[in-house]
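A structural walkthrough
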Amino acid sequence: MANSKEMTGGAVFPLLFSFTMPLLLGNLLQQTYSLIDAAIVGKFLGINSLAAVGASTSVIFLILGFCNGCCAGFGIPVAQKFGARDYATMRRYVAVGLQLATVMSVVIAAVSGFYCRDILRGMQTPGNIFDGAYDYLFVTFIGIPCTFFYNLLASIMRALGDSKTPFWFLLFSTVLNVFLDLFCILGLGWGVMGAAIATVFSQGLSAILCYLYMLRKFPILRATSSEDRRFHAGLARTLLAMGVPMGLQFSITAIGSIMLQSANNALGTACVAAFTSAARIKMFFICAFESLGIAMATYCGQNYGAGKPERILQGIKVSSLMMLTYAAATWMILMLGSRWLALLFVAPSEVEILDYTEQFLHISCWFFPAVGLLCILRYAIQGVGFSNLAMLSGVSEMIARILVSLYAVPAFGFLGVCFGDPLAWVAADLFLIPAFLYVYKKIKKRLDDEKVSVSAV
């Protein structure tokens, strides 16, 4: 059956490494597109257009982060039932998840699109980039159903241990996106809006092809009865209980990012452009941590479903070692090459923007182990079903960013902005470390008790 894989037995490192690599390549593709998108906008449309795209970044993360978090959450019960080999219930979870996605994505698109202009005004978006920011944000919001369905389908395939197929669809979407970017911006002259249209169209087509592929290559997901296709309220509650907290975790985190970006917007167009380019580069490098975290969610979900808590702890140790090795390599790259990377976005004459971008990246890379540990622990906790607890780590991040935006940015300017993310990562880790220890102790006791009950029978 396609590339599905159980991760409940065998050596942990090869399993995690082989599952993480396609996720990492997929995330790198997304970030590569993000870099190319910003580079095309900055080089061909100018600094104001680059700032217009960047001015809406945290708002996009607020809305799309909620959608992507829900999709990841919907995949966890699927992974747990796959690990337990309860395929009938697994199929029903998939069907209900698709039904929920239809309703949720349309409602979110309508509401966010309606309030788009008000959101940008509330963020103190500079007047000279307001119209471009609105065009980019509005098209992105209208395209939310495309993003929602692609991420849900990818999450379902990953839940079955297949991280390779989503990568190939993402590769197709990314290549198409780049070509459409150039066509819409340079050929049709649609400006910043063209970049957003290219993204939405690419994701929508990828979602359709992904769905058709799943129907053909994953027979285990095909409905075998009307019971598999109908709406189950109980299963919907389980999916929402798992998905909504994960979505809210991203949104809560984004609230702090919006506050930080609003404070940065008030510093002027140069700071907004520098923040845009630095954030794109930063995300390119830290997406590996996100990939490792997503892998841990599936790995922990399957092993929890199979009743193997000791493998979950093994996974934490192995993934932490992988994370630290990668963090050391990226530290060297960014300390030496930040300025060269910034030249992808702006001309060498833009000295102020280059200086700000380099400063931001030099500070951020020292704290990459903190964000790496954050991703591993947060997704592990979510993978075993404690989404509400993981969501609280987002509150820690939000509070840290709000405090930075209220006090550090007014006092220290762009230097304060540079410490917004690092302090948020550290704050989340201070919550997640004891939270994971609590969760692990609880699930180990629960699974041990279940084994005792089964053996007694």
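Residues numbered from 1 in each chain as written. Predicted model: local features only at pLDDT ≥ 70, side-chain atom pairs only at ≥ 80, totals over all residues. Heavy atoms only, no water.

Right, let's talk about the packing of helix α11 (residues 233–265) against helix α12 (residues 269–305) for a bit. The N-to-C vectors of α11 and α12 enclose an angle of 155 degrees; their axes lie 11 Å apart at closest approach. Taken together, the axes of α11 and α12 lie roughly antiparallel to each other. The handedness of the crossing between α11 and α12 is right-handed. On the side of α11, the interface is formed by Phe250, Gln261, Asn264 and Asn265, while α12 contributes Cys271, Val272, Phe275 and Glu290. Here the residues of the contact of α11 with α12 sort into 4 nonpolar, 3 polar and 1 charged. (Axes fitted to C-alpha atoms, helices over the stretch in contact; angles between N-to-C directions. Helix = DSSP H or I, 4+ residues; strand = E, 2+ residues; numbered from the N terminus. Parallel < 35°, antiparallel > 145°, perpendicular 65-115°, else oblique. Left-handed = near helix turned anticlockwise from the far one by under 90°. Contact = heavy atoms within 4.5 Å. Nonpolar A, V, L, I, M, F, W, Y, C, P; charged D, E, K, R; others polar.)

The subject of this paragraph is the environment of Ile119. Within the secondary structure layout, Ile119 lies in helix α5 (residues 116–122). In the structure, Ile119 is positioned 18 residues away from Leu137 in sequence and 9.9 Å away in space, judged by C-alpha atoms. If near-sequence neighbours (up to four positions away) are discounted, Ile119 is found in contact with Val59 and Phe141.

Let us look at the packing of aromatic side chains. Tallied over the full model, the rule gives 13 aromatic pairs. When the centroid spacing of 5.6 Å and the interplanar angle of 25 degrees are considered together, the rings of Phe13 and Phe17 count as stacked. A residue pair is termed a helical-turn pair when its members lie 3 or 4 positions apart in one helix, as Phe13 and Phe17 do in helix α1 (residues 12–45) at 4 residues. Summarising the aromatic geometry, the rings of Phe436 and Tyr440 are spaced 6.1 Å apart at their centres and angled 25 degrees between planes, so their arrangement reads as stacked. (Phe/Tyr/Trp six-rings, centres within 6.5 Å; stacked < 30°, edge-to-face > 60°.)

Residue position: Gly301 is located in helix α12. Since its relative accessible area comes to 0%, Gly301 is described here as buried. C-alpha of Gly301 to C-alpha of Val384: the two residues are 83 residues apart in sequence and 5.3 Å apart in space. Beyond its immediate chain neighbours, meaning those up to four positions away, Gly301 contacts Ala79, Gln80 and Gly383. (Buried < 20%, exposed > 50% of the residue type's maximum accessible area, 1.4 Å probe, protein only.)

Turning our attention to the layout of surface pockets. Space inside the largest pocket adds up to approximately 280 Å³. If you trace the largest pocket, you find 14 residues lining it, with Val94, Leu98, Tyr211, Leu215 and Leu221 closest to the centre. Counting residues per element, the ones that place at least two in the lining of the largest pocket are α4 (87–114), α9 (191–217) and α10 (226–229). With 5 residues, the top contributor of residues to the lining of the largest pocket is α4. Tallied by class, residues from the lining of the largest pocket come to 9 nonpolar, 1 polar and 4 charged. By volume, the second largest pocket is sized at about 170 Å³. As for the second largest pocket, its lining consists of Phe13, Phe17, Thr20, Met21, Leu24, Ala288, Phe289, Leu292, Met322, Met323 and Tyr326. (1 Å grid on protein atoms, 1.4 Å probe; cavity = no way out; pocket = protein on both sides within 12 Å on 5 of 7 lines; lining within 4 Å. Points joined across faces, edges and corners; volume = space filled by probe spheres on them.)

Within the secondary structure, Ser202 is located in helix α9. For Ser202, a relative accessible area of 0% puts it in the buried group. Polar contacts involving the side chain of Ser202 include one to the main-chain amide nitrogen of Asn177, which spans 3.4 Å. Not counting residues up to four positions away in its chain, the partners in contact with Ser202 are Ser173, Leu176, Asn177 and Leu180. (Polar contact = N/O pair within 3.5 Å; in protein donor to acceptor, adjacent residues only side chain to side chain.)

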